[in-house]
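Fold and geometry: a report
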Amino acid sequence: MNWAWLRFMVNVITNEAVLEPLIAVILGYGVNVYAKNRRFKIIMDVTADIVDYIEENYKDWGIKGSEKMDKFLDLFIKEYKKQMGRKPKDVDLETARIRAEAIVQRARRAAGGKKR
């Protein structure tokens, strides 16, 4: 059996001119995936914490309805910036808003449909 083509491929792949950029691309991809997962986890964790905080205190603050979402967005932006070092993008805010609404709806259903 002629293995010349296999040796040629191994030589090409292990050549420094090919291997170094290949490693850089793989590392870059890994860092990108990690950053996206970290950002998503921060959005989810911060959203849940802020929703709980607002639900525990909104009556004391004298807010209701859409004022609660305004308060949520204000607190979310501050906390996100604290953890990520930058303001959230519009897509991050939309994800957080949808997640917050879902958390509140699940809590209402679990409480028997009562409005909070």
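Source: prediction; values computed, not measured. (Residues numbered from 1 in each chain as written. Predicted model: local features only at pLDDT ≥ 70, side-chain atom pairs only at ≥ 80, totals over all residues. Heavy atoms only, no water.)

Some remarks on the overall build of the protein chain
- Scanning the protein chain for helices and strands turns up 4 helices and 0 strands.
- Taken against the 2.2 N^0.38 rule, which gives 13 Å for 116 residues, the C-alpha radius of gyration of the protein chain at 24 Å runs more than 25% over that of a compact globule.
- Taken along its principal axes, the extent of the C-alpha atoms in the protein chain is 80 × 30 × 20 Å.
- Counting only residues that meet the buried cut, the protein chain has 22% of its 116 residues in that class.
- For the protein chain, the share of sequence-separated contacts (at least 6 apart) that also reach a separation of at least 24 residues comes to 57%. (Helix = DSSP H or I, 4+ residues; strand = E, 2+ residues; numbered from the N terminus. Rg over C-alpha atoms; globule rule 2.2 N^0.38 Å. Buried < 20%, exposed > 50% of the residue type's maximum accessible area, 1.4 Å probe, protein only. Contact = heavy atoms within 4.5 Å.)

Points about the nonpolar core
- One finds Ile-43, Ile-50, Val-51, Ile-54, Phe-72 and Phe-76 to be the most contacted residues of the largest nonpolar core, which totals 20 residues.
- Looking at this core, the elements that each hand over two or more residues are helix H2 (16-61), helix H3 (66-84) and helix H4 (90-110).
- Looking at which element gives the most residues to this core, the answer is H2, with 8 residues.
- Filtering out sequence-adjacent residues up to four positions away, Phe-76 remains in contact with Ile-43, Val-46, Thr-47, Ile-50, Pro-88, Asp-92, Leu-93 and Ala-96. (Core = buried A, V, L, I, M, F, W, Y, C linked by side-chain atoms within 4.5 Å.)

So, the pattern of salt bridges
- On inspection of all chains with the given rule, the structure shows 6 salt bridges.
- Close ionic contact of Glu-55 with Lys-68 constitutes a salt bridge, the shortest N to O distance being 3.1 Å. Taken together, the residues span a long stretch of sequence, with Glu-55 in helix H2 and Lys-68 in helix H3 at a distance of 13 residues. Like Glu-55, the residue Lys-68 is buried in the burial classification. (Salt bridge = Lys/Arg side-chain N within 4 Å of Asp/Glu carboxyl O.)

Comments concerning the packing of aromatic side chains
- Tallying each qualifying case throughout the model produces 3 aromatic pairs.
- For the pair Phe-76 and Tyr-80, a centre-to-centre distance of 5.7 Å together with 35° between the ring planes defines the contact as tilted. With Phe-76 and Tyr-80 both in helix H3 and 4 residues apart, the pair spans about one turn of that helix.
- Assessed through its relative accessible area of 1%, Tyr-80 is described here as buried.
- A cation over a ring is seen here: Lys-68 above Tyr-58, with NZ or CZ 3.9 Å from the ring centre.
- Lys-71 extends its terminal NZ or CZ atom over the ring of Trp-61, reaching a point 4.8 Å from the ring centre. (Phe/Tyr/Trp six-rings, centres within 6.5 Å; stacked < 30°, edge-to-face > 60°. Lys NZ or Arg CZ within 6 Å of the ring centre and 35° of its normal.)

Brief notes about the side chain of Asn-57
- Along the chain, Asn-57 turns up in helix H2.
- Judged by its relative accessible area of 19%, Asn-57 is buried.
- Among the polar contacts listed, one links the side chain of Asn-57 to the backbone oxygen of Tyr-53, at a separation of 2.8 Å. (Polar contact = N/O pair within 3.5 Å; in protein donor to acceptor, adjacent residues only side chain to side chain.)

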